[in-house]
Amino acid sequence: MTPYITKPKGIFMNRIYNFSAGPATLPTDVLLEAQSELLDYQGSGMSIMEMSHRGKYYDAVHQEALANFRELLEVPEEYAILFLQGGATTQFSQIPMNLRGEGQVADYINAGAWSKKAIKEAKILGEVNIAADCGSEIPTRQATQEELNLTPGAAYLHCCSNETISGAQIKEFPKSDAPLVCDMSSDILSRRLKISDFGMIYAGAQKNLGPAGVTLVIIRKDLAERVSDKVPEMLRYSTHIANDSLFNTPPTFGIYLLCLVTRWLKQHGGLEAMEALNDRKSGKLYAAIDASDFYSGTAVKEFRSTMNVTYRLPTEELEKKFIAEATAKGLDGLKGHRSVGGIRASIYNAMPEAGVDALIAFMQEFEAANA
Ligand SMILES: *Cc1c(COP(=O)(O)O)cnc(C)c1O
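Residues numbered from 1 in each chain as written. Predicted model: local features only at pLDDT ≥ 70, side-chain atom pairs only at ≥ 80, totals over all residues. Heavy atoms only, no water.

The helix and strand inventory of the protein stands at 10 helices and 14 strands. Radius of gyration (C-alpha) of the protein: 21 Å, near the 21 Å computed for a compact globule of 371 residues. In terms of overall dimensions, the protein has a C-alpha envelope of 65 × 60 × 30 Å along the principal axes. Looking at the 371 residues of the protein, the share that counts as buried comes to 55%. Looking at the protein alone, contacts between residues at least 24 apart form 63% of all its contacts between residues at least 6 apart. When the accessible surface of the protein is summed, it comes to about 16000 Å², and 52% of that surface belongs to carbon and sulfur atoms. When the 37 basic and 45 acidic side-chain charges of the protein are each reduced to a single mean position, those positions are 3 Å apart. (Helix = DSSP H or I, 4+ residues; strand = E, 2+ residues; numbered from the N terminus. Rg over C-alpha atoms; globule rule 2.2 N^0.38 Å. Buried < 20%, exposed > 50% of the residue type's maximum accessible area, 1.4 Å probe, protein only. Contact = heavy atoms within 4.5 Å. Areas by Shrake-Rupley, 256 points an atom, 1.4 Å probe, with all protein chains shown as cover. Lys, Arg positive; Asp, Glu negative; His and termini not counted. Charge placed at Lys NZ, Arg CZ, Asp CG, Glu CD.)

Following this line, the structure appears as structure tokens:
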């Protein structure tokens, strides 16, 4: 057995450290809680996923999850919080469909693979201006305010706060006269935000929130009113606002887990504590990378992600060996995205600091044996 395997709460199980980018590791306490009430949810005699989404048990979960997000992110009254389906990818088309008027231009920042996908979809339906384009630069980075070429009267400005594949994160959000729309799939709830700086934020759940199948949307209600009546009802934000995300059957089990994860975050000090923990975890890992000539970070330092730490070894052979040996030691999911290679350690909220310490210890061992 390896020294890195954890055995939480004395329960017999082998939980490894899972550095996968998504679906990603969840808090063990949350999984244990879900397990404990799986067969009989609060005396109902059935699991939460087997019951009506309009009954009292599920309704309480739904409302608590919404309230937890509102509290954690300090979401003002004039914003709606929605649980949708179709992943962040569906948002790539739903956003222009709802927020860009006939003949209007939408500004987009291209900072990498996910920005590019959002841009591609927005172009299918109308006009896009690329306000900045640093999406193919190596080392990877995010755009700066100075380089933005904004359209007067644009419908909105779109950005991706954390490029999950390259590991470049926005530290200071761009400013525009148009509402800011941000894909936060891989860093939502990792740090404090000022929601009023945004027109809309969205995130697929499977990185930092819970299991795949739910998409979180937070939108200023007046923006949702822009939608044309040519847009199908299911694809309008206004439909889901009017129905409290219960227009059709929501992904109940996923929302239940979001409820448990947000409850867990509140118990652990909320976003202020998470931000400090994430700064500490990523700080140590980047310090270990910088202290060695063997490892080299792939993002420009001032944009280094606190969530997805990307780096390289001297050769691809060594990278393969590193990944294989790490996996054998219970440090899984470290292979970089197929499009960029290298190593990617995804260290979302649920990755314990001990997991990062174990990774650093392994990196030092591996360097000593292979440098
Ligand atoms: C994973 C990811 C997506 C895609 O999410 P899906 O839920 O698979 O559609 C979009 N944007 C970012 C930044 C991501 O990390």
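What follows deals with unusual backbone geometry. Looking along the chain, the bond that leaves glycine 22 and enters proline 23 is cis, with omega of -10°. Tracing the backbone shows proline 23 in the loop between strand S1 (17-18) and helix H1 (28-36). With omega at -5°, the peptide bond leading from isoleucine 138 into proline 139 counts as cis. Secondary-structure assignment places proline 139 in the loop between strand S4 (127-133) and strand S5 (157-160). Non-glycine residue leucine 189 carries a positive phi angle of around 70°. Along the chain, leucine 189 turns up in the loop between strand S8 (180-183) and strand S9 (200-204). Owing to a relative accessible area of 0%, leucine 189 belongs among the buried residues under this scheme.

Here the focus is the sheet that holds strand S11 (residues 296-297). With antiparallel pairing, 3 strands are arranged side by side in an open sheet as S11-S12-S14. Of all strands in the sheet, those with a lone pairing partner are S11 and strand S14 (343-346), marking the two edges. Both strand S12 (residues 308-312) and S14 contribute to a ladder of 4 bridges, which runs antiparallel. Looking at S14, one finds that tyrosine 311 is bridged to isoleucine 343. (Pairing = 2+ DSSP bridges.)

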